[in-house]
Amino acid sequence: MRGERQELCTLKCKPGDLVRVIVSTNPELVGAIALVEGLRTDGRWNVYLDRAAFGFNFRDKRPVITHEFCFRDSSLEPIGHLSDLYGSQVNHLAGDRHLYRQICSEAEQAVRE
């Protein structure tokens, strides 16, 4: 029983991972590259997409166009980590959304090649 619980709690993703969206209710998001920012209290990941997309605000369900979405761990496929690409510079990237977009674009090009 204890081993089963540990297995259920194992996450594929972690903050700083570059991921590909593999499941979404929005078909435009499938295949998008994103940066995992952190785990929410509801167990989903906050991610920053490589491109803006249409969605709905989580709190009041209003339509928005944004780079920020949240996904279940099972909806994301890790493809790398920022430290693999940028080494010790990772700490300097926090909060720089323009650089995040650039990183996601580079990762998307690398995945396509």
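Before reading further, recall that the structure is shown in the block above.
Basis of the calculations
- Residues numbered from 1 in each chain as written.
- Predicted model: local features only at pLDDT ≥ 70, side-chain atom pairs only at ≥ 80, totals over all residues.
- Heavy atoms only, no water.
- Salt bridge = Lys/Arg side-chain N within 4 Å of Asp/Glu carboxyl O.
- Buried < 20%, exposed > 50% of the residue type's maximum accessible area, 1.4 Å probe, protein only.
- Helix = DSSP H or I, 4+ residues; strand = E, 2+ residues; numbered from the N terminus.
- Pairing = 2+ DSSP bridges.
- Axes fitted to C-alpha atoms, helices over the stretch in contact; angles between N-to-C directions.
- Phe/Tyr/Trp six-rings, centres within 6.5 Å; stacked < 30°, edge-to-face > 60°.

Novice: Please clarify how the pattern of salt bridges should be interpreted in this entry.
Specialist: Opposite charge on two side chains permits them to pair, given that their charged atoms come into close proximity. What the rule picks out here adds up to 6 salt bridges. The shortest N-O distance in the salt bridge between Arg44 and Asp42 comes to 2.9 Å. Residue Arg44 is classed as buried on the basis of its relative accessible area of 19%. Between Asp60 and Arg62 there is a salt bridge, with its nearest N and O atoms 3.9 Å apart. Its relative accessible area of 42% is what places Asp60 among the partly exposed residues.

Novice: Could you clarify how one ought to interpret the side chain of Ser75 in this entry?
Specialist: The topology assignment puts Ser75 in the loop between β4 (63-71) and β5 (76-81). Assessed through its relative accessible area of 10%, Ser75 is described here as buried.

Novice: Is there a simple way to think about the sheet that holds strand β3 (residues 45-56) in this case?
Specialist: By way of backbone hydrogen bonds, the strands of a sheet pair with one another, either parallel or antiparallel. Within the open sheet, the 5 strands sit side by side as β4-β3-β2-β1-β5. Their pairing is antiparallel. Two strands lie at the open edges of the sheet, namely β4 and β5, each paired on one side alone. Mean inter-strand twist for the sheet, computed between neighbouring axes without regard to direction, equals 45 degrees. Strand direction decides the pairing type here: β3 and β4, joined by 8 bridges, are antiparallel. Across the sheet, residue Trp45 finds its bridge partner in β4, namely Phe71.

Novice: Help me understand the pairing of β3, please; the structure alone is not making it clear to me.
Specialist: Sheet faces and side chains relate simply in a regular strand, where the side chains alternate between the two faces. Pairing of strand β2 (residues 33-39) with β3, which is carried by 5 bridges, proceeds in the antiparallel orientation. Bridge pairing in β3 places Leu39 opposite Trp45. Adjacent in sequence and paired antiparallel, β2 and β3 are bridged by 5 residues, among which Gly43 carries a positive phi angle near 90 degrees. Hairpin remark: β3 followed by β4, antiparallel, with 6 residues in the connecting loop; positive phi at Lys61, about 60 degrees.

Novice: Just checking my understanding: could you explain the packing of aromatic side chains for this structure?
Specialist: The way to describe two aromatic rings as a pair is by their centre distance and the angle between their planes. Tallying each qualifying case throughout the model produces 2 aromatic pairs. Here Phe54 and Phe56 contribute two aromatic rings whose centre-to-centre distance is 5.2 Å and whose plane-to-plane angle is 75 degrees, an arrangement assigned as edge-to-face.

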